[in-house]
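Here's the letter readout for the chains.
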Amino acid sequence: MSGSEDRGDLQTVLAARIDPGARSRISAQEFDGIPCLEISLPRPFRALFTTRIGGDSGGVFESLNLSPYSEDDPAAVERNRARIAGLIGRRLVSPAQAHELRVVGSAEYVQEEYGSPCDGLTVHCEIDKELAALLLFADCVPVVLCGEMDMAVVHAGWRGLLGGVIQQAGRSLMGMPGTAVIGPSIGPCCFAVDDEVASAFAGRFGPDVVAGAPDGARPRVDLWAAAAKAVEELNIHPSQVVNPRICTSCNTDLFFSYRAEGPVTGRHGCLGWVSSG
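1. Some details on the overall build of the chain
What the chain contains, in helices and strands, is eight helices and 14 strands. Computed over its C-alpha atoms, the radius of gyration of the chain comes to 18 Å, within 12% of the 19 Å expected for a compact globule of 277 residues. Considered along the principal axes of its C-alpha atoms, the chain spans approximately 50 × 45 × 35 Å. Per-residue burial over the chain gives 55% buried out of 277 residues. A separation of at least 24 residues holds for 62% of the contacts in the chain among residues at least 6 apart in sequence.

Below, the structure written as structure tokens:
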């Protein structure tokens, strides 16, 4: 954070980093001292992206680390997660993630007694109304798909994007989604890859998702553009694809970043649930 920004007004700082084109659909809010990005979705569905601010974790995990799979103090992580659950008044369903393509219903996952990992959860307006889907991120792309009867929260790493995890999430919904939101994640400014990965993205999504590599630098892939093309394959109109365009690697004061901070870091979250109001 630059010296000109007042850390005491994190909601204002967060709001200033939202791309102007997304500000009508995504807003910076603060809930009980936790700054978040709240998504405007058709009721009764709600979703938000947490930041790394507002929790009990310390050191490299400061402070709202939500990952029980990290090397953080488990008691601190549990308090952080309990705070989020209390904030929205729902039981969190938060699977282990494997950078694969499995997408399941939230209640179904609970019935599995938290068995196999998955990278997407659906939330139905009746079946899952007591639950909240929580997936964790530190550069990978969060994607929220919303239809009339249900929604999906998706963890889309580069492998999942190439493999079709967004398409799988769309197929897992009871009706076709009409809205998609791409959340804070590593931007095209920072996601440098090797030639093989760049070629795979160009082949799957077109050459415009890959930036050139001047002076021998590694090519960069635009995961946001790839995710936008993937959701458009679900017949979601481009006007209904929302992206705050916040790069986690460039904004480590507000978000965790595996690329910028190394493997020992925390995870922020994307939550989706059904409003009771």
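2. Here's the deal with the confidence of the model for the chain
Per-residue confidence for the chain gives a mean pLDDT of 94; residues scoring 70 or more make up 95%. Counting interchain partners and residues more than four positions distant, the pLDDT-below-50 stretch residues 1–8 has 10 contacts.

3. Description of the pairing of strand β7 (residues 131–137)
Regular strands show a simple pattern: their side chains alternate between the two faces of the sheet. Counting buried positions along β7 yields seven of seven residues, so the element is predominantly enclosed. Side chains Leu131, Ala133, Leu135 and Phe137 of β7 all project onto a buried face; the interleaved residues Ala132, Leu134 and Leu136 project onto the opposite face, where all are buried too. In terms of strand pairing, β7 meets strand β14 (residues 268–274) through six bridges, oriented antiparallel. Bridging from a neighbouring strand, Ala132 pairs with Trp273 of β14.

4. A few points about the environment of Gln29
Along the chain, the position of Gln29 falls in strand β1 (residues 26–31). The spacing of Gln29 and His124 is 95 residues in sequence and 25 Å in space, taken between C-alpha atoms. The contacts of Gln29, once residues within four sequence positions are left out, are Gln11, Ile34, Pro35, Cys36 and Glu38.

5. What to know about the nonpolar core
Leu37, Leu41, Leu121, Val144 and Val181 are the most contacted members of the largest nonpolar core, which totals 39 residues. Of all the elements, β7 adds the most residues to this core, at four residues.

Conventions we followed
- Residues numbered from 1 in each chain as written.
- Predicted model: local features only at pLDDT ≥ 70, side-chain atom pairs only at ≥ 80, totals over all residues.
- Heavy atoms only, no water.
- Helix = DSSP H or I, 4+ residues; strand = E, 2+ residues; numbered from the N terminus.
- Rg over C-alpha atoms; globule rule 2.2 N^0.38 Å.
- Buried < 20%, exposed > 50% of the residue type's maximum accessible area, 1.4 Å probe, protein only.
- Contact = heavy atoms within 4.5 Å.
- pLDDT = per-residue confidence, 0-100.
- Pairing = 2+ DSSP bridges.
- Core = buried A, V, L, I, M, F, W, Y, C linked by side-chain atoms within 4.5 Å.

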